[in-house]
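# Topology and contacts: notes
Read off the chains here:
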Amino acid sequence: MILTGDESHWFDSAEAAGLMDEVNAWWEKWHKAGKIEQGGAELQHSSTAKTVGPGPDGQPTVTDGPYLEIKEVVGGFIMLVADDIDEAIAVAAGWPGIRLGDRVEVRPVMER
C-alpha cells in the first residue's frame, strides 16, 4: 500500500491533528484484524530527499529532491496481509487521507 498525494496538507499542524486521529483508528482496526504486516514507514517531506542516478560519465551522481518533479509524492508505505488484491483494496479504501485527495496504490509484493 503506497501512500501518495500533495504533501502540502500533511505537514499542516491544524489539519494533520484530526487526520492523525483517523489514521490511528484505521491502523488500530486493521492491525487487530491481522491485515497489517510488520514494516512500513511514514516518509519525511520530499524536500529532504536525494536522488542517486547515473551522471554524464556513467558514475553515480546525487541530486536534491525526489526523482520526479510532480505535485504528488510518495508519503509512505504500509505492508498489508491479504488473501488477494481485492481484500487489500478493501483495506486500502478506508485510508483517511483519501478524503483529502490522497491516493493509495495497492500492489502485490514480488515473491521469488
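The notes below deal with the structure included here. Note that this is a predicted model, so its numbers are computed, not measured.

Another point: the pattern of salt bridges. Oppositely charged side chains are able to pair whenever their charged atoms sit close together. One pass over the full model with this rule turns up 6 salt bridges. The salt bridge involving Glu22 is made with Arg99; its shortest N-O contact spans 2.5 Å. In this pair, Glu22 is assigned in helix α1 (residues 13–32) and Arg99 in the loop between α2 (85–92) and β6 (103–105), connecting sequence segments 77 residues apart. A relative accessible area of 32% means that Glu22 is categorised as partly exposed.

Tallied over the entire structure, the rule returns 2 aromatic pairs. With a centroid separation of 6.1 Å and an interplanar angle of 55 degrees, the aromatic rings of Trp26 and Trp27 are classed as tilted. According to the relative accessible area criterion, Trp26 is buried, its value standing at 5%. The class of Trp27 is partly exposed, set by a relative accessible area of 32%. Ring pairs connect the aromatic residues Trp26, Trp27 and Trp95, which therefore count as one cluster.

The set of residues buried in α2 consists of Ala88, Val91 and Ala92. Summarising the axial view, the buried residues of α2 lie within an arc of 95 degrees, below the 170-degree limit, and thus occupy one face. On the buried face of α2, the contacting elements are α1, β5 (72–80) and β6.

Taken together, the side chains of Leu43, Val74, Phe77, Met79 and Val109 present a nonpolar region at the surface, about 400 Å² in accessible area. You can see Phe77 is positioned in strand β5. Given the relative accessible area of 35%, Phe77 is considered partly exposed.

This part covers the pairing of strand β4 (residues 60–64). With 0 of 5 residues buried, β4 lies mostly on the surface of the structure. Note that strand β3 (residues 50–54) and β4 share 5 bridges and pair antiparallel. Note on β4: the bridge partner recorded for Val52 is Val62.

With that settled, the discussion passes to the environment of Gly101. Counting through the fold element by element, Gly101 comes out in the loop between α2 and β6. By relative accessible area, which is 44% here, Gly101 ends up partly exposed. Sequence separation between Gly101 and Asp57 is 44 residues; the distance between their C-alpha atoms is 41 Å.

We now examine the sheet that holds β6. As summarised here, the arrangement of the 4 strands in space is β2-β5-β1-β6, forming an open sheet in which the pairing is antiparallel. This sheet does not close on itself; its edge strands, each paired only once, are β2 (36–42) and β6. Between one strand axis and the next, the sheet turns by 25 degrees as a mean value, whatever way the strands run. Sheet analysis places strand β1 (residues 2–6) next to β6, joined by 3 bridges and oriented antiparallel. Paired with Ile2 across the strands is Glu105, a residue of β6. Seen against the sheet, α1 touches β2 and β5 and runs at an angle of roughly 155 degrees to β2.

Conventions used here
Residues numbered from 1 in each chain as written. Predicted model: local features only at pLDDT ≥ 70, side-chain atom pairs only at ≥ 80, totals over all residues. Heavy atoms only, no water. Salt bridge = Lys/Arg side-chain N within 4 Å of Asp/Glu carboxyl O. Helix = DSSP H or I, 4+ residues; strand = E, 2+ residues; numbered from the N terminus. Buried < 20%, exposed > 50% of the residue type's maximum accessible area, 1.4 Å probe, protein only. Phe/Tyr/Trp six-rings, centres within 6.5 Å; stacked < 30°, edge-to-face > 60°. Arc of directions from axis to C-beta. Contact = heavy atoms within 4.5 Å. Patch = residues over 30% accessible without salt bridge, like charges linked within 9 Å, V, L, I, M, F, W, Y side chains within 5 Å. Areas by Shrake-Rupley, 256 points an atom, 1.4 Å probe, with all protein chains shown as cover. Pairing = 2+ DSSP bridges. Axes fitted to C-alpha atoms, helices over the stretch in contact; angles between N-to-C directions.

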